[in-house]
Structure formats: C-alpha cells, structure tokens
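Overview (structure and organization)
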There are 2 protein chains.
Amino acid sequence: MPVNLTEYMDHYITIIEQEIAKQLEKLEIPKPLKDSMLYSMNAGGKRLRPILLIASYEAFAVDYHKVLSSGVALEMIHTYSLIHDDLPAMDNDDYRRGKLTNHKVFDEATAILAGDALLTYSFEVIVNDPLLVDKQKIEIIKLLSKTSGPNGMVAGQILDMQAENSEVTLQELEKIHELKTGELIKFAIYTGAYLGNATKDQLQYLEEFAYYLGLIFQVQDDILDVTGDEQKLGKRIGSDEKSMKSTYPRLLGIDGAIELKQRYVARAKNALKKAKVEDSYLMDLTEHFSKRDH
Amino acid sequence: MPVNLTEYMDHYITIIEQEIAKQLEKLEIPKPLKDSMLYSMNAGGKRLRPILLIASYEAFAVDYHKVLSSGVALEMIHTYSLIHDDLPAMDNDDYRRGKLTNHKVFDEATAILAGDALLTYSFEVIVNDPLLVDKQKIEIIKLLSKTSGPNGMVAGQILDMQAENSEVTLQELEKIHELKTGELIKFAIYTGAYLGNATKDQLQYLEEFAYYLGLIFQVQDDILDVTGDEQKLGKRIGSDEKSMKSTYPRLLGIDGAIELKQRYVARAKNALKKAKVEDSYLMDLTEHFSKRDH
C-alpha cells in the first residue's frame, strides 16, 4: 500500500488510466473518433479529479472499485471541456500540457465530435456500472449533469469569455472559477463521500472543503501563470496578462494572491476537521494543490 | 380530444413546446447562453421525435405526462446535434428551416456551448422528473446516452463526413442513417412503449418498426432534396448533389428511391401489426413521414 502522497497518487493514476483504457478500448466506433477521444484522454492529464474522488471515498470506506466509473466519467467530462475550450472559436490554443491540442492533431470537426462523444459517454459509463445500485446512479447523474451543464461548467465558460478584456471584481472572479473549475471538484469530493456513506453533516462540511479547494486550485493556477516554470507547466507563462484576463495577481498583486491562498488553505483544512477526516489524504492533497508547480 | 393526425400533432406540439419553455425558462444562467439555447429550441422544429414518443406511449397507455421529460430531452439532444452540425467546421450552414443558424445569430463559441449545454441538460431533465421511478430513469438514460453518444449519433456524423466526396454502397448509406437519424427515432419509439408497459415481444416489434421508420424518414429527406419545394422546405434543394453526398436518389434513381420507400413503409406497418398496435397513431405517422413535403 502507498505510504506517502506521491506514492498514493502514482498508485491511483495507474489504476485510473487502466480503467480509462478499458472503457474506451471497448468502443467499436469509427477510427478517427476513437483515436481523437483516446488522444485527449491520454494527453498528459494529471488525473487530479479522479484522485480527489478516490481520496474522498477512502476517507470513509474501502475498496475504490465502487468509485472508478465516477472517476473516469469525471475525467471524460473534464477532457471534453478542455477540447472544446481549446477550439479556434474559443481560446484558440495550439498546445496544452506541451502537446498539440486535439483540433491541431485531428481537425476541428473531429475535435468537436470527440468532445460531444466524451460528454455523452460519461453518462453511459456511470449508468452501466454493475457495482452501483439505481439510487446511487441517479444521485451521481443528478450531480454530474448539474455541475457540468448550463447551471455549472458551461455557464462558467460563458462568463469567463465575457470577462476577457473587461475588469471584474474579486467576487465575480470567484463566481467564474466556482462554476468553471469548482463544480467538478465539488462533484469529485461529494460523490466520493456519498458513495463512502458519509453522514449528512459530513457531506455538508465536505462541500465547504470542496469550495475552498477549488479556489486554492485556481489561485495557484493564476500565480503559476506569473511565476511558474514554462518547462514544468508545458505552456507559456504570462498568457493571462497578454489576454487581459482577470486574475488574482492582477486584482491583488502576487503577495495578496499568495496571502489569500493561505487563508483558503486554512479554511479547507478546518472543514476537513469538522468532517472528522483530517487524517485522510484529502489533507495532503490540499497542501499539494496549494504548492503544485505545474 | 384530437380526431385526426393533424389535430393530434398540433395538440401535442403545443404541449411539448410549453414543456420546453418550462424547462428552459427556469434556468438561471448567463443571458447569452440562455438566449442561444432558446433560439435553437424554438427555431421552427416540427417536434416529430417527441410526437413519436408520445404516440408510442399512447399505443399502450394513457396520460402523456409521464413521457414529457423524455420527449423534451430528446428534442434537446436533436437540437444540440443540429447546432453542432451547422458549425463552420462541420456543414457550415448559414440557414436551417429558413432561419439563421445558431452561430450566425450568436457566435461560434456560444453555439458550441449552447449545444454542450442542451446535451448535458437533457440528462438533468430526465433525472429530475418526479413522475419517473429510479428504474425507469436508469433505463431511459441508458438508452439515451447510447443512442446519442459515440456508439450512436456521433458515430453517424463522423461516418457522414467521411462519406462526402466518396462513393458509398447502399448498405453503408443505411448504416450512416441508422446511426445519425435512426437511433434517436428508435429512442422515441422504444421509450414511449417501455414507459407504457409494452411487453417484451411488443418492444422487439417496435424496435423493428423504428428501424424502418428511420429509413423512411431519410429516404424521403433525400427525395425532397431533389423534388421538394424550397419554400416549404425552408432550404435550398439540390444541396446534396452539390456537396457530392451519397443519397438514395443518386444510388437508385428517383423511381428506385420511391420504390424502396414503399417497401419500407410496408415493413414498418407490418411490424406495428405484429406488435398489435395497428390502430395507434403510429400507423398514421408512418404515412405522414413517408409523404411529408417539408
């Protein structure tokens, strides 16, 4: 069994990637569509969301198999959103994590369809999981559709586009990030705890935890765009500045952003204590998110 | 109560459109996203798929309320597929049903996101329907994700793009249409009958019916592109010819296509008889599909 966070993460990255391969390889579909889906699913993602989901589950229960389909579905939704965000009509990015984006390797039409397919397939994966009972599938699909749809991630992307080239307040910035990144993180934390049979009170504290964790993730993202190492990040730094994007460092300065992040870390850890899971890997993951360099 | 097919269809078009409005108006989301979703959902669709679903249900049961969420979800999926198909990277269409396409009224990014949002929201609508029990929701989501995802509609769109500017056989053509149009029609027919408590045998005959109905729909579409009235169709005719698309008239000639359609109509009606629902509106709808002029 893994003993420290790095081992823990490596251990589960392997397991998650095996499950991703299993779910995608079995698709008997036109080759360009499958290749395109596989390309982005294997383009160097850090699997942070499924790892969070597993860690949240393991704070309450054992045997991760029960959360594998949710983890893979979540990674598919995350990947679909990146494929569509990278399109010429959206952020028009040629590279992500140091690799060509989907529409640069294939073409725009295939990239759009690969995104559509991953989104739809994520629901298929959950609904066909033999380890979940109907009630659990319903609860997961309810949350997944809400967090990734017009009430969640898609709204975040629209607001993000609107915010470009305009001044937004700290409150507006947090709303964008809550929708665009935070909702999927909340799905990971909530679903893991729910399937692990956390109590109602614990679920509530974990939602609070997830809220701050999402913000930590985003503040650090913004900080790295100013101070990060291009090699490690696999992308150019300073791109937010160039696109006149509202970021924490722009609104608060670098020191202000770091200070805010520390405050969020304290609140996240406090929520874990209230949920009585301060001994879980969620604690280590909070530190990891706060200090990550890529 | 409606007495003939026209009244029947008008009756339910009103009810379906009220439900669409109800489901979309309640969304508290950024205005451009909501406007874009509403625009395409109200851009003159004939609501054929939800009507089929209701007619299939009413061949076995009463009280259409139970199938409304599935009907609206289906129309959302259909609409999302049209929005994405019309994009510059795909079919690059400026008009659909005589109206500007979504990306011409809004912009490409918003159109992509409106499609994503409608797709995701369709699952949310079903999973939150208080009139369905968990088992029914699961069965519907299982079928909806399969028919609209990489195994279904998305695969059809990829194959359709590959087939442009190349010769395909009649068999290949039918495979494309089965995936691209037929799968959603199968969903409509199957889900209606399933929720109406059809027997296993009846469900099987209805799947056969749906298969032929989908083909009738497509053959007629191809015939209209040669012989149709531009005013009624709301689009230019001859567009298939121009894009060198494989169609039934190109493969079989106009007379051959009409003859094939008649053969499919006979088979579809025969399947309805075997399912013992030859007195339902599904019979009239088969004729309607076969003879439609737009």
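Read on for a plain summary of the structure. (Residues numbered from 1 in each chain as written. Chains lettered and ligands numbered in written order. Predicted model: local features only at pLDDT ≥ 70, side-chain atom pairs only at ≥ 80, totals over all residues. Heavy atoms only, no water.)

What follows deals with the overall build of chain A. If you tally the helices and strands in chain A, you get 14 helices and two strands. Its C-alpha radius of gyration of 18 Å places chain A within 12% of the 19 Å reference for a compact globule of 294 residues. Principal-axis analysis of the C-alpha atoms gives chain A an extent of 50 × 50 × 35 Å. For chain A, the proportion of its 294 residues judged to be buried stands at 57%. (Helix = DSSP H or I, 4+ residues; strand = E, 2+ residues; numbered from the N terminus. Rg over C-alpha atoms; globule rule 2.2 N^0.38 Å. Buried < 20%, exposed > 50% of the residue type's maximum accessible area, 1.4 Å probe, protein only.)

Next up on the list: the interface of chain B and chain A. Opposite the 45 residues of chain B that make contact, chain A presents 45 residues. Around 3800 Å² of area is buried between chain B and chain A when both sides are counted, 76% of it from carbon and sulfur atoms. The tally of links between chain B and chain A comes to four residue pairs in polar contact (both at pLDDT 80 or more). Sorting elements by how many residues they give to the side of chain B that touches chain A places helix α6 (residues 108-127) of chain B first, with 13 residues. Across the side of chain B that touches chain A, the residue classes tally to 26 nonpolar, 10 polar and nine charged. (Contact = heavy atoms within 4.5 Å. Buried area = accessible area lost by both parts, 1.4 Å probe. Polar contact = N/O pair within 3.5 Å; in protein donor to acceptor, adjacent residues only side chain to side chain. Nonpolar A, V, L, I, M, F, W, Y, C, P; charged D, E, K, R; others polar.)

Turning our attention to the packing of helix α9 (residues 170-195) of chain A against helix α10 (residues 200-227) of chain A. All names here are of chain A. At a minimum axis distance of 8 Å, the contact between α9 and α10 shows a crossing angle of 135 degrees. Considering the angle they form, α9 stands oblique to α10. In the crossing of α9 with α10, the sense of the turn from one axis to the other is right-handed. Packed against α9, whose contacting residues are E174, H177, E178, T181, G182, I185, K186, I189, Y190, A193 and Y194, the element α10 presents L203, L206, E207, F209, A210, Y211, L213, G214, L215, F217, Q218 and D222 at the interface. (Axes fitted to C-alpha atoms, helices over the stretch in contact; angles between N-to-C directions. Parallel < 35°, antiparallel > 145°, perpendicular 65-115°, else oblique. Left-handed = near helix turned anticlockwise from the far one by under 90°.)

With a phi angle near 50 degrees, N92 of chain A is a residue other than glycine that sits in the positive phi range. Within the chain, R97 of chain B stands out as a residue other than glycine whose phi angle is a positive 50 degrees. Position of R97 of chain B among the secondary structure elements: in the loop between β1 (95-96) and β2 (99-100).

Moving on to the relation of the copies chain B and chain A. Its rotation angle being 180 degrees, the transformation that places chain B on chain A also includes 0.0 Å of axial translation and leaves an RMSD of 0.0 Å. The superposition operator between the copies reduces to a two-fold rotation axis. Considering only C-alpha atoms, the residue of chain B closest to the rotation axis is D134 of chain B, which sits at 3.1 Å. Most of the interface of chain B is mirrored in chain A, where 100% of its interface residues are also at the interface. (Least-squares fit on C-alpha atoms with pLDDT ≥ 70 in both.)

What follows concerns a nonpolar patch on the surface. On the surface, a nonpolar cluster with roughly 270 Å² of combined accessible area is contributed by Y95, L100 and V105 of chain A. Inspection of the secondary structure assignment puts L100 of chain A in strand β2 (residues 99-100). (Patch = residues over 30% accessible without salt bridge, like charges linked within 9 Å, V, L, I, M, F, W, Y side chains within 5 Å. Areas by Shrake-Rupley, 256 points an atom, 1.4 Å probe, with all protein chains shown as cover. Salt bridge = Lys/Arg side-chain N within 4 Å of Asp/Glu carboxyl O.)

Looking now at the packing of aromatic side chains. One pass over the structure, following the stated rule, counts 17 aromatic pairs over all chains. Pairing F123 of chain A with F123 of chain B gives two aromatic rings, centres 4.2 Å apart and planes at 15 degrees, and the pair type is stacked. With F123 of chain A in helix α6 (residues 108-127) and F123 of chain B in helix α6, the pair connects residues from two separate chains. A single burial state applies to F123 of chain A and to F123 of chain B, both of which are buried. Taken together, a centroid distance of 5.3 Å and an interplanar angle of 55 degrees make the contact between F217 of chain B and F289 of chain B tilted. (Phe/Tyr/Trp six-rings, centres within 6.5 Å; stacked < 30°, edge-to-face > 60°.)

In this section: the side chain of R292 of chain B. Residue and element names in this part refer to chain B. In this structure, R292 sits in the segment after α14 (281-291). Here the side chain of R292 touches F217 through a polar contact of 2.9 Å, landing on its backbone oxygen. Apart from residues no more than four positions distant in its own chain, R292 is found in contact with F217, Q220, D221 and L224.

Attention now goes to the packing of helix α3 (residues 48-58) of chain A against helix α14 (residues 281-291) of chain A. Residues and elements named next belong to chain A. In the contact formed by α3 and α14, the axes pass within 9 Å of each other and the chain directions differ by 155 degrees. Looking at the two axes, α3 sits roughly antiparallel to α14. Crossing of α3 against α14: the hand is left-handed. Note on element contacts: α14 touches α3 through Y281, L282, L285, H288 and F289, opposite L48, I51, L52, A55 and S56. Of the residues that constitute the contact of α3 with α14, the class distribution is eight nonpolar, two polar and no charged.

A word on the pattern of salt bridges. Residue and element names in this part refer to chain A. Considering all chains together, one arrives at 30 salt bridges over all chains under this definition. D85 is the partner of K180 in a salt bridge, and the nearest nitrogen-oxygen pair spans 3.9 Å. Of this pair, K180 sits in helix α9 while D85 sits in helix α4 (residues 65-86), placing them 95 residues apart in sequence. For K180, a relative accessible area of 22% gives the class partly exposed. By relative accessible area, which is 9% here, D85 ends up buried. Salt bridges here are not isolated pairs; linked through shared partners, they connect E17, R47 and E75.

Right, let's talk about the environment of N270 of chain B for a bit. Residue and element names in this part refer to chain B. One can find N270 in helix α13 (residues 248-274). Here N270 falls in the partly exposed class, since its relative accessible area comes to 39%. With 61 residues separating them along the chain, N270 and F209 place their C-alpha atoms 8.1 Å apart.

Looking now at the nonpolar core. L24 of chain A together with L24 of chain B are the most contacted members of the largest nonpolar core, which totals 186 residues. Apart from the residues within four sequence positions on either side, L24 of chain B is in contact with K34, M37, L38, M41, M76, L118 and Y121 of chain B. (Core = buried A, V, L, I, M, F, W, Y, C linked by side-chain atoms within 4.5 Å.)

Residues and elements named next belong to chain B. Residue position: A111 is located in helix α6. Put simply, A111 and I83 are 28 residues apart on the chain and 6.6 Å apart in space, counted from C-alpha to C-alpha. Apart from the residues lying within four places of it in its own chain, the contact partners of A111 are S36, I83, H84, L87, N102 and H103.

A few words on α14 of chain B. Residue and element names in this part refer to chain B. When we look at burial in α14, the residues that qualify are L282, M283, L285, T286, F289 and S290. The buried residues of α14 occupy an angular sector of 165 degrees when projected down its axis, which confines them to one face. Close packing links the buried residues of α14 with α1 (5-25), α3 (48-58), α9 (170-195), α10 (200-227) and α13. (Arc of directions from axis to C-beta.)

All names here are of chain B. Within the secondary structure layout, T147 lies in helix α7 (residues 134-148). A residue is classified by how much of its surface remains accessible, and T147, at 2% relative accessible area, is buried. A polar atom in the side chain of T147 sits 3.3 Å from the backbone oxygen of L144. Among residues more than four places away in sequence, those in contact with T147 are G152, M153, E183, L184 and F187.

These figures capture arrangement, not role.
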